[in-house]
Each structure stands twice: as structure tokens, then as C-alpha cells.
Amino acid sequence: IYSCCYLSRRLNQLSNHDPLWKRHCKKYWLISDEERSQRNQSWKAIFISTYSDLGRYIRYYATLKKAWDDLEKYLGQWCPRMIGSLKESVREEDLDAVEAQIGCKLPDDYRCSFRIHNGQKLVVPGLMGSMSLSNHYRSEDLLDIDTAAGGFQQRLGLKQCLPLTFCIHTGLSQYMALESVEGRNKYEIFYQCPDQMTRNPSAIDMFITGTSYLEWFTSYVNKVVTGGYPIIRDQIFRYVHDKECVATTGDITVSVSTSFLPELSSVHPPHYFFTYRIRIEMSKDALPEKACQLDSRYWKITNAKGDVEEVQGPGVVGEFPIFSPGRVYEYTSCTTFSTTSGYMEGYYTFHCLYYKDKFFNVTIPRFHMVCPTFKVSTARMETNHNEHAVDEDEDSTDTDEYEDRRRVLDIPAPSGRCPRHT
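One structure accompanies this document, and this report is about it. (Residues numbered from 1 in each chain as written. Predicted model: local features only at pLDDT ≥ 70, side-chain atom pairs only at ≥ 80, totals over all residues. Heavy atoms only, no water.)

1. Notes on the overall build of the chain
A tally of helices and strands in the chain yields ten helices and 20 strands. Here the chain holds 422 residues, and 50% of them are scored as buried. At a minimum sequence separation of 6, the contacts of the chain that also span at least 24 residues come to 65%. Just so you have it, the chain exposes about 20100 Å², and 50% of that area is on carbon and sulfur atoms. (Helix = DSSP H or I, 4+ residues; strand = E, 2+ residues; numbered from the N terminus. Buried < 20%, exposed > 50% of the residue type's maximum accessible area, 1.4 Å probe, protein only. Contact = heavy atoms within 4.5 Å. Areas by Shrake-Rupley, 256 points an atom, 1.4 Å probe, with all protein chains shown as cover.)

2. Focus on the nonpolar core
Formed by 52 residues in total, the largest nonpolar core has its most connected members in Tyr 110, Leu 127, Tyr 213 and Phe 217. Summarising the domain contributions, this core has at least three residues from each of domain 1 (4-56) and domain 2 (61-224). Residues within four places of Tyr 213 in sequence aside, it is in contact with Leu 64, Asp 109, Tyr 110, Ser 113, Leu 142, Leu 164, Met 176 and Ile 189. Membership of the second largest hydrophobic core comes to 36 residues, among which are Val 267, Tyr 272, Ile 278 and Met 282. (Core = buried A, V, L, I, M, F, W, Y, C linked by side-chain atoms within 4.5 Å. Domains from an automatic or database assignment.)

3. A few points about the environment of Val 124
Tracing the backbone shows Val 124 in the loop between α8 (108-114) and β1 (130-132). On the accessibility criterion, Val 124 (35% relative accessible area) is partly exposed. When the C-alpha positions of Val 124 and Glu 140 are compared, they lie 8.2 Å apart, and in sequence the two are 16 residues distant. Once residues lying within four places of it in the same chain are set aside, the contact partners of Val 124 are Arg 81, Tyr 137, Ser 139, Ile 168 and His 169.

4. Quick word on the packing of aromatic side chains
Counting across every chain of the model gives 26 aromatic pairs. Note on Phe 207 and Phe 374: the rings are 6.1 Å apart at their centroids and 80° apart in plane angle, and the pair reads as edge-to-face. Highlighted residues: Phe 207 in strand β8 (residues 204-210) and Phe 374 in strand β20 (residues 374-375), separated in sequence by 167 residues. Sitting over the face of the ring of Phe 323, Arg 327 holds its NZ or CZ atom 5.7 Å from the ring centroid. (Phe/Tyr/Trp six-rings, centres within 6.5 Å; stacked < 30°, edge-to-face > 60°. Lys NZ or Arg CZ within 6 Å of the ring centre and 35° of its normal.)

5. Quick word on the environment of Arg 279
Within the secondary structure, Arg 279 is located in strand β13 (residues 272-282). Along the primary structure Arg 279 and Val 328 are separated by 49 residues, whereas in three dimensions their C-alpha atoms are 7.0 Å apart. Not counting residues up to four positions away in its chain, the partners in contact with Arg 279 are Thr 253, Val 254, Ser 255, Val 328, Tyr 329 and Glu 330. Within polar-contact distance, the side chain of Arg 279 engages the side chain of Glu 330 at 3.4 Å. (Polar contact = N/O pair within 3.5 Å; in protein donor to acceptor, adjacent residues only side chain to side chain.)

6. Things to note about the sheet that holds strand β7 (residues 189-194)
Pairing in this open sheet of five strands is antiparallel, and the strands run β4-β6-β7-β8-β20 from one edge to the other. Because the sheet does not close on itself, it has two edges, and the strands there are β4 (161-163) and β20. Note that strand β6 (residues 174-177) and β7 share three bridges and pair antiparallel. Bridge assignment links Gln 174 to a residue of β7, and that residue is Tyr 191. The strands that helix α10 (residues 213-225) touches are β6, β7 and β8; relative to β8, the one it contacts most, it runs at about 60°. (Pairing = 2+ DSSP bridges. Axes fitted to C-alpha atoms, helices over the stretch in contact; angles between N-to-C directions.)

7. Describing helix α2 (residues 18-29)
Between its first and last C-alpha, α2 extends 16 Å over twelve residues, near the 16 Å set by a 1.5 Å rise per residue. Restricting attention to buried positions, one finds in α2 the residues Asp 18, Trp 21, Cys 25 and Trp 29. Down the axis, α2 shows its buried residues gathered within 55° of arc, on one side only. Exposed residues pointing more than 90 degrees away from the buried face of α2 are listed as Arg 23 and Lys 27. (Expected span 1.5 Å × (residues − 1). Arc of directions from axis to C-beta.)

8. A look at the sheet that holds strand β11 (residues 240-249)
Hydrogen bonding along the main chain pairs the strands of a sheet, whether they run parallel or antiparallel. With antiparallel pairing, the four strands of this open sheet are ordered in space as β11-β12-β13-β17. A strand with exactly one partner marks an edge of an open sheet, and here the two such strands are β11 and β17 (328-337). Within the sheet, the average angular offset between the axes of one strand and its neighbour, ignoring direction, is 20°. Across six bridges, the pairing between β11 and strand β12 (residues 252-260) is antiparallel. When the sheet's bridge partners are listed, His 241 is paired in β12 with Ser 257.

9. Thoughts on the pairing of β7
In terms of burial, β7 is a largely internal element, six of the six residues being buried. A two-sided burial pattern is seen for β7, the buried positions comprising Ile 189, Tyr 191 and Cys 193 on one face and Phe 190, Gln 192 and Pro 194 on the other. As defined by bridge partners, β7 adjoins β8 across six bridges and the pair is classed as antiparallel. If you follow Phe 190 over to β8, its bridge partner there is Ile 208.

Here you go:
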């Protein structure tokens, strides 16, 4: 009995030792010394009060709070106008009300994120990245919980799917599956892709973008804050740059970054749409007499089957840029493949301004484009496609037209064409 009493007394002493609670407050709730001073409470009191409110999220809170903090700090430096679009956190009862409204449980990591920030207002630019071509623009907002609940799907093909993002220009959304139905894994995140070769509206293929909200959101934030995505015109552009995809010829360096566009792609028929951004730079140390002008381009395009297409043309995107020491020129173009991957390489031909009869080629490094993982609609197996047959072996660059997609808010997609292989 004496030993038990002694043990309890020691446990009581330990439980009131404030430095022990300080470690837990910093680890699980990211409470700083400054914040503790402002609250004028003991570390133990802070931990208990925070746990009573956020205890169910103890596995996720620190990771998501750090991601949000890092993102806000980065946006404040590079995209300050986006900060004003972020919404304050929601209460626990607000999330409970949404679950009652849609009849599905929300994953704890998703709920936890909304206890920190309730997404953003429907504005441009969107927090989840932008993409722009000559006549096509996408910018995805991170939806607040009420707007997301309003877009909750119960129709065939997207049953029990909750939108996470939305683009007001294209109607594109990324969805999270709240249950394992119609071939999806629970909490899987994806872009929907209607099967264009069937009349069955429930035939929805999926381009997978995440396996859980925590993984999806934190990996995106990490890419942003580490400079993996470029900032262009005060917004985040989702171009991926391979550091090895750089080639230097003399004083000129060419680098390439790429992106997949799900809203212009389809699995059935196979039509995978990619855009690439090219940066051409002349060294600051180049001699003034090395000034030159770009005359033409040559592309060698190879798909996953090994089929090769060669393209030649004047200038780039209708321009013939002039380069002098330190000059940087960037442009965007696009391509399509009938296979899930492919690569491009080539060269630009320049002429010297001081010696107009002198021409030289500048290497464009080989860059690969790979479609993200996708899942084929389970409804396809139940549909007879014979009467809707389409030649799936057509050339990968026959057209860059695209069909309108089913939209969450029925906003029409932009029409027209965009330049390819420029």
C-alpha cells in the first residue's frame, strides 16, 4: 500500500511538472513560447484546453498546421493578394452539421484542415494552382466546407464523392471518395474523366491525384514552398521541372517544365494532353557580339509505342525573339499523345546579328511527359462499345479540340484551339 501511495504521489508530481507539458504542446499543437506568454497559462492548462477542442485530430494537427503556416508565409512573400482569399477556421459543430447534411462521415485529416482554414473564397487565382494556354485557363480554388457540401455527388459514376477544388472557368474539380464504391478506394482523390465512347453517364474514369487528404494537401504545399512550382503573375502555376532537363549550347541555356491537363484529356478514347513551358536564356557573361535571333524550331516527338513524328516550323509561338547577354525568353505550348507517355526533343536554329550569314543550332533537352495513374470506369465493362467504336491508333497530334465535360456547376468549357509544338 505504501508503495502504491508513493507511486501515485510521484505520478501526481510528474503530471504537474510543466516542462513535460511544454514538450507535448510544441509537438502536437505547435504552441510557441510567445503564444504561451500571450495566453498567460501553464503549459499543462494549454495542452488540456487544446486537447478538449482538437484531441480527435492529434495525429494530424501538427502536420497540417505546419503546412498551412508554411503556405501562408510563402504566399505572403510571393502571392500576397491570395492571403486575403483564405477563410477563417470552422467550428466542430459546423463539420458535424455537414456530415448530417450529406449522410457521410468526413475523414479526420480533412476535418482537421478546416479547423485551421475553411478553404478559400471563390476567387482567381486559386490556391491549388493555375494553368494557362493561349485560349484555355484553369485556376483551382480550395473549396470551403459549405460549398463542398453543396457539390456532394450521389449520381451514378460519382456516388458519395465530395469536391475539394473548383475552377470557375472550366468547372473542373478534384473529388474525394468518401466511401469505397464504383471502383474507388475510400478517401482517394481524383479528377473525373467521362468516358467519351459510351452513352452511359455513369462511365467515369479517374485520374488519381492523392490517396488521402493529408498526403494530397501536404505534398502540394511542399511542392509550392520549396519552389517546385513557378510563380507567374502573382499566382502558382503547376509546371513540374526536372532539374536534369536543361541543355546548354555555347552561351544559350534551354530548360523545360511540363504539366498534364486532365480537363483536356480522356482515357477512352486515349487522348492525353500535356503542356510544356520553355525557358531560353543567354548567359550574362556572353560577349555583345554573340547577340542572335531565333529563326526556327525542330521537334522529334516519340510516343510510348516508339512512333516518331518530326515537326519543323518558323520561330516559336509566332515570334522570333532576339537574344543579347542576360536576356531570358519564356513561352508555353502543348502536345497530345494517344499513349500514356511520350517525350520530345529537338533544337532551335539561330542566326548571329553581327554575322548574318552565320547560323547555329541550340539543343532542346529531351523531356518526358507521363499521364498520372488512372482508373477505368467500372461501368465500362457493362457497356457495349461496338456501336461507338473509334480508331484509338490515330496520330497523337491530329487535333487539340476537346469536348465539353460534365460540370459541377454547369459552367461551359472554353472553346477553340491552342498552338502545339511551338
